[in-house]
Amino acid sequence: MKDIAEIRADFPILNRKVYDKPLVYFDNGATTQKPQCVLDAVDEVYKSYNGNIHRGVHFLSDMSSESYEKSREKIRAFINADKREEIVFTSGTTGSINGIAFSFGERYIKPGDEIILSCLEHHANIVPWQMMCERKGAVLCVIPINDNGEIILEEYYKLLSSRTRLVSVTEASNALGTVLPVKEIIDAAHSVNVPVLIDGAQGIQHGIVDVKTMDCDFYVFSGHKIYGPNGIGVLYGKEKWLSELPPFQGGGDMVDKVTFEKTTYNELPFKFEAGTMNYPAAIGLASALDYVLNIGREDIAMREKELLSYATDRLSAIKGLKIYGTSESKISTISFHIKDIHQYDTGMILDKMGIAVRTGNHCAQPVMDRFGIDGTVRASLCFYNTKEEIDTLADGIEKVKSMFA
Ligand code: PMP
């Protein structure tokens, strides 16, 4: 693996100061920082070949289209999907889930049908299903979690029934860091012919995702959480599902023939890409994936495991600090609370020390309700973070405590 100093030099923002202190960026679960190659790739589109994709016959449009389709191929290879037709660009994880929830609801859902989620879901993997259930008279069923923040598989098996139409779960919890046993979840659902959507927003950047081995029916993620630009996301769907599902948005490019009487739709994947897509961001995302492959996904996972272990040891040693999410199987995210100190106070004081952490319910209110709290402080680490930064956080927390003593 590249030397850590070299890695950090790839990310211009990591060099900046905040309130005259070196930035310690521990909010990677919310969004990751971008390496120079990603900034350059997006810049290059606008500087030298910007033209709307799939529309013109002119040179710039051709060049943009070609680059956009090359990005699709990169993404296909990155998650090991079978075909490029199975890779749909969206605005992000939220856009992908809303799209599938709408289309799946229109095509398959009847009153009394059930959708299974877990208690660990981000609001983006709850609300779109709830909206669909309200429209269609369907019901949400929720897999409970134990005190470590792990889903209780036996309870999931009990929820699976002839009424279940789809299971939609996260690969890893953004609030607690728990990694879910997605293979077991998928295999059990498939044994009763139920498809599964995996929310990969917190999974894709921490390990090797192989949708073929996983055998999920849908896999969704956001570019900005894997060192790519904002405003771009991916919806992977097995071809058999994407062929059957109706489009979730209408407009330019997703059509074959339009008359006022009837419209026929474009082939996959374009059927799901209405209007002008964010092609500069898609091109930037491909560059981010190249960057990740270049560093090495196994090395990234190993380094993050090491950082998680170090941070867990350092933070658990702090008196009065309680960690939420104590599964053996976690991404490099630590959610915690300091006794008698509100998470916003902790977050705001740490900020003044140049340390960026997330505070609040992390768009996962049901998780907070499960633990009877209204929020936590969350430090989400990634491979460009260092043990020294973890020391700075631990020292910062001690200072917060002393201020409230
Ligand atoms: N799911 C999970 C697990 C997430 O962590 C997030 C972002 N925090 C989302 C969905 C939504 O992602 P986005 O806002 O990029 O659409």
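1. Some details on the overall build of the protein chain
Alright, step 1. Along its length, the protein chain carries 14 helices and 17 strands.
Alright, step 2. Its C-alpha atoms give the protein chain principal-axis dimensions of roughly 70 × 55 × 35 Å.
Alright, step 3. Split into buried and exposed, the 405 residues of the protein chain put 56% on the buried side.
Alright, step 4. In the protein chain, of all internal contacts separated by at least 6 residues, the share reaching a separation of at least 24 is 71%.
Alright, step 5. Accessible surface, the protein chain as shown: approximately 17100 Å² in total, 52% of it carbon and sulfur.
Alright, step 6. One way to put it: in the protein chain the 44 positive side-chain charges average out to a point 2 Å from where the 55 negative ones average out.

2. Topic: the site of the ligand
Alright, step 1. Near the ligand you find Thr93, Thr94, His122, Ala124, Thr170, Asn174, Asp199, Ala201, Gln202, Ser222, His224 and Lys225, and these make up its full shell.
Alright, step 2. A distance of 2.6 Å separates a nitrogen atom of the ligand from a polar atom in the side chain of Asp199.
Alright, step 3. Gln202 places a side-chain nitrogen or oxygen 2.7 Å from an oxygen atom of the ligand.
Alright, step 4. Isolated, the ligand exposes 400 Å² of accessible area, and the fraction of that covered by the protein chains is 86%.
Alright, step 5. For the shell around the ligand, a count of residues per class yields 2 nonpolar, 8 polar and 2 charged.

3. Examining the domain arrangement of the protein chain
Alright, step 1. The domain architecture assigned to the protein chain consists of domain 1 (4–30 + 296–404) and domain 2 (39–293).
Alright, step 2. Relative to domain 2, the C-alpha centre of domain 1 lies at a distance of 28 Å.
Alright, step 3. Facing the 38 residues of domain 1 at the interface are 34 residues of domain 2.
Alright, step 4. Roughly 2900 Å² is buried in total at the junction of domain 1 and domain 2, and carbon and sulfur atoms are behind 56% of that figure.
Alright, step 5. Of all residues in domain 1, Arg297, Ile331 and Arg370 bury the most surface against domain 2, accounting for 26% of the area lost on that side.
Alright, step 6. For the pair domain 1 and domain 2, the number of links is 1 salt bridge.
Alright, step 7. Between Asp147 and Arg370 there is a salt bridge; the shortest N-O distance is 2.8 Å.
Alright, step 8. Linking domain 1 with domain 2 are 21 residue pairs in polar contact (both at pLDDT 80 or more), by the criterion used here.
Alright, step 9. Contributions of two or more residues to the side of domain 1 that touches domain 2 are made by α11 (297–316), β14 (333–338) and α13 (365–371).
Alright, step 10. In terms of residue count, α13 provides more of the side of domain 1 that touches domain 2 than any other element does, 6 residues in total.
Alright, step 11. Looking at the side of domain 1 that touches domain 2, its residues break down into 18 nonpolar, 12 polar and 8 charged.

4. As for helix α12 (residues 343–352)
Alright, step 1. Residues of α12 that are buried: Gln343, Thr346, Gly347, Ile349 and Leu350.
Alright, step 2. Against β14, β15 (355–356), β16 (358–360), β17 (376–380) and α14 (387–404) lie the buried residues of α12.
Alright, step 3. Immediately downstream of α12, the backbone of Gly354 shows phi near 90°, a positive value.

5. Some points on empty space enclosed by the protein
Alright, step 1. Per the stated rule, a full pass over the model turns up 1 cavity of 30 Å³ or more.
Alright, step 2. In terms of lining, the largest cavity is formed by Asn28, Gly29, Thr32, Gln202, Gln205, His206, Tyr227, Ser332, Thr333, Ser380, Leu381 and Cys382.
Alright, step 3. In terms of residue class, the lining of the largest cavity is made up of 3 nonpolar, 9 polar and no charged.
Alright, step 4. Each of domain 1 (4–30 + 296–404) and domain 2 (39–293) gives at least three residues to the lining of the largest cavity.

6. Digging into the state of the cysteines
Alright, step 1. Applying the stated criterion across every chain yields a total of 0 disulfides.
Alright, step 2. Residue Cys37 stays outside any disulfide, its sulfur separated by 14 Å from that of Cys382, the closest cysteine.
Alright, step 3. In this structure Cys37 comes out as partly exposed when scored by relative accessible area, which is 31%.
Alright, step 4. Residue class for Cys382 comes out buried when judged on its relative accessible area of 1%.

7. Description of the environment of Lys322
Alright, step 1. Tracing the sequence through the fold places Lys322 in strand β13 (residues 321–324).
Alright, step 2. Judged by its relative accessible area of 47%, Lys322 is partly exposed.
Alright, step 3. In this structure, the C-alpha to C-alpha distance between Lys322 and Lys339, residues 17 residues apart in sequence, is 7.7 Å.

8. Structural notes on a nonpolar patch on the surface
Alright, step 1. Residues Phe59, Leu60 and Met63 make up a contiguous nonpolar surface patch of about 290 Å² in total accessible area.
Alright, step 2. Locating Phe59 in the fold gives a position in helix α3 (residues 59–79).
Alright, step 3. Overall, the relative accessible area of 62% leaves Phe59 in the exposed class.

9. Considering unusual backbone geometry
Alright, step 1. Geometrically, the link from Leu268 to Pro269 is a cis peptide bond, its omega value of 0° lying close to zero.
Alright, step 2. The residue Pro269 is located in the loop between β12 (263–265) and α10 (279–295) in this model.
Alright, step 3. Of note, Asn80 is a non-glycine position whose phi angle comes to about 60°, a positive value.
Alright, step 4. In this structure, Asp215 takes a positive phi of about 65° despite not being glycine.
Alright, step 5. Position of Asp215 relative to the elements: it lies in the loop between α8 (211–214) and β9 (218–222).

What counts and what doesn't
- Residues numbered from 1 in each chain as written.
- Predicted model: local features only at pLDDT ≥ 70, side-chain atom pairs only at ≥ 80, totals over all residues.
- Heavy atoms only, no water.
- Helix = DSSP H or I, 4+ residues; strand = E, 2+ residues; numbered from the N terminus.
- Buried < 20%, exposed > 50% of the residue type's maximum accessible area, 1.4 Å probe, protein only.
- Contact = heavy atoms within 4.5 Å.
- Areas by Shrake-Rupley, 256 points an atom, 1.4 Å probe, with all protein chains shown as cover.
- Lys, Arg positive; Asp, Glu negative; His and termini not counted.
- Charge placed at Lys NZ, Arg CZ, Asp CG, Glu CD.
- Near = heavy atom within 4 Å.
- Polar contact = N/O pair within 3.5 Å; in protein donor to acceptor, adjacent residues only side chain to side chain.
- Nonpolar A, V, L, I, M, F, W, Y, C, P; charged D, E, K, R; others polar.
- Domains from an automatic or database assignment.
- Buried area = accessible area lost by both parts, 1.4 Å probe.
- Salt bridge = Lys/Arg side-chain N within 4 Å of Asp/Glu carboxyl O.
- 1 Å grid on protein atoms, 1.4 Å probe; cavity = no way out; pocket = protein on both sides within 12 Å on 5 of 7 lines; lining within 4 Å.
- Points joined across faces, edges and corners; volume = space filled by probe spheres on them.
- Disulfide = S-S within 2.5 Å.
- Patch = residues over 30% accessible without salt bridge, like charges linked within 9 Å, V, L, I, M, F, W, Y side chains within 5 Å.

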